[in-house]
Amino acid sequence: MILRAVPLGGADLPWPTGEPTAGEAQRARAMADRDKAREFTLARLALRGLVASVLGLPPQVILPAYECPDCGQGEHGSPGFALYRDHGGQVGLPIAASASRAGGWALLAVAPADDGERVRLGVDLAAVADLRNAVPEAAFSRAERRRLSQVPDRGAEAARLWARKEALLKARGEGLRTDPATVETLDNPSIADLSTSGLGLPGGFVAALAVVKP
Ligand SMILES: CC(C)(COP(=O)(O)OP(=O)(O)OC[C@H]1O[C@@H](n2cnc3c(N)ncnc32)[C@H](O)[C@@H]1OP(=O)(O)O)[C@@H](O)C(=O)NCCC(=O)NCCS
């Protein structure tokens, strides 16, 4: 498992190798906030670069093959990757990946299939200041609400639990189609809090990783 935090701001940052696909360029163009559009493109290329380095391939030969439960394979949903075959068609790459963007940073996770055994990954990165009062009580399960009523810093704990929830929902490939209140994150062995300082992130972030068997 490779986890990497990547800064998405600053004009002096090196632009990752590779070009956005037509679909990625279209998604970026549709974003009203130009900084967010740039961050989206940078994070996409950075994730492809990480997948490429893990597989020992040049990033330019790797295609995004994301999987949306509503639309099928395309440009959004759960990250997947493929190679072009010489005579048309694509071949899927045996690798699990996940990404999250928050507060000018991206968190990337990549795990190659180990002896053919694949897992599904989900990561989530959250800036505590953004989430402190943003997640409604109704988004948490009964046990989580009890926990939130008992801790001294409710806002920080809500951000931590929310990151765990999104990580798990990504690993399950569902995202927020699933009612988050039905997803239990306390004492769930599939989810781990990540050390943000260990990842080189500045203060004020929380991050979580979920790993599930398909
Ligand atoms: C998954 C989700 C909770 C993440 O949202 P977020 O917290 O705002 O954004 P993050 O930066 O943390 O994560 C975004 C990444 O999550 C991943 N992701 C998106 N949908 C995913 C899914 N169904 N399963 C797993 N991962 C998913 C992608 O890698 C995405 O990166 P991208 O923007 O480069 O495509 C949210 O996108 C969601 O609920 N999506 C499902 C709803 C949806 O997309 N509906 C449209 C259907 S047509």
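Residues numbered from 1 in each chain as written. Predicted model: local features only at pLDDT ≥ 70, side-chain atom pairs only at ≥ 80, totals over all residues. Heavy atoms only, no water.

Caption draft 1: Representation of the UniProt feature "domain: 4'-phosphopantetheinyl transferase" (unreviewed entry) in the protein. Per the UniProt entry, the sites bearing "domain: 4'-phosphopantetheinyl transferase" (unreviewed entry) are residues 121–190 in this numbering. For residues 121–190, the helix share is 44%, the strand share is 10%, and the end-to-end C-alpha distance is 10 Å. (UniProt positions renumbered as here; feature names shortened; annotations may be inferred. Helix = DSSP H or I, 4+ residues; strand = E, 2+ residues; numbered from the N terminus.)

Caption draft 2: Looking closely at the site of the ligand. In the vicinity of the ligand lie 22 residues, with Arg 44, Ser 100, Glu 166, Lys 170 and Leu 176 positioned nearest. One of the side-chain nitrogen or oxygen atoms of Arg 44 is found 2.7 Å away from an oxygen atom of the ligand. One of the side-chain N or O atoms of Glu 166 is found 2.6 Å from an oxygen atom in the ligand. Surface burial for the ligand is 74%, taken as the share of its 900 Å² of free accessible area covered by protein chains. Of all the elements in the fold, those that place two or more residues in the shell around the ligand are helix H2 (34–55), strand E3 (66–68), strand E7 (95–102) and helix H5 (154–171). By residue number, the principal contributor to the shell around the ligand is E7, which donates three residues. Here the residues of the shell around the ligand sort into seven nonpolar, six polar and nine charged. (Near = heavy atom within 4 Å. Polar contact = N/O pair within 3.5 Å; in protein donor to acceptor, adjacent residues only side chain to side chain. Areas by Shrake-Rupley, 256 points an atom, 1.4 Å probe, with all protein chains shown as cover. Nonpolar A, V, L, I, M, F, W, Y, C, P; charged D, E, K, R; others polar.)

Caption draft 3: Looking closely at unusual backbone geometry. Phi angles above zero are rare outside glycine, and Asp 187 is one such case at about 55°. Within the secondary structure, Asp 187 sits in the loop between H5 and strand E10 (191–193). The exposure class of Asp 187 is exposed, given its relative accessible area of 77%. (Buried < 20%, exposed > 50% of the residue type's maximum accessible area, 1.4 Å probe, protein only.)

Caption draft 4: The packing of helix H1 (residues 22–29) against H2, seen in detail. Direction vectors running N to C along H1 and H2 enclose 155°, while the axes themselves pass 8 Å from each other. The orientation of H1 relative to H2 falls into the category roughly antiparallel. Where H1 abuts H2, its residues Glu 24, Arg 27, Ala 28 and Arg 29 lie against Arg 34, Ala 37, Phe 40, Thr 41, Arg 44 and Arg 48. Looking at the contact of H1 with H2, its residues break down into three nonpolar, one polar and six charged. (Axes fitted to C-alpha atoms, helices over the stretch in contact; angles between N-to-C directions. Parallel < 35°, antiparallel > 145°, perpendicular 65-115°, else oblique. Contact = heavy atoms within 4.5 Å.)

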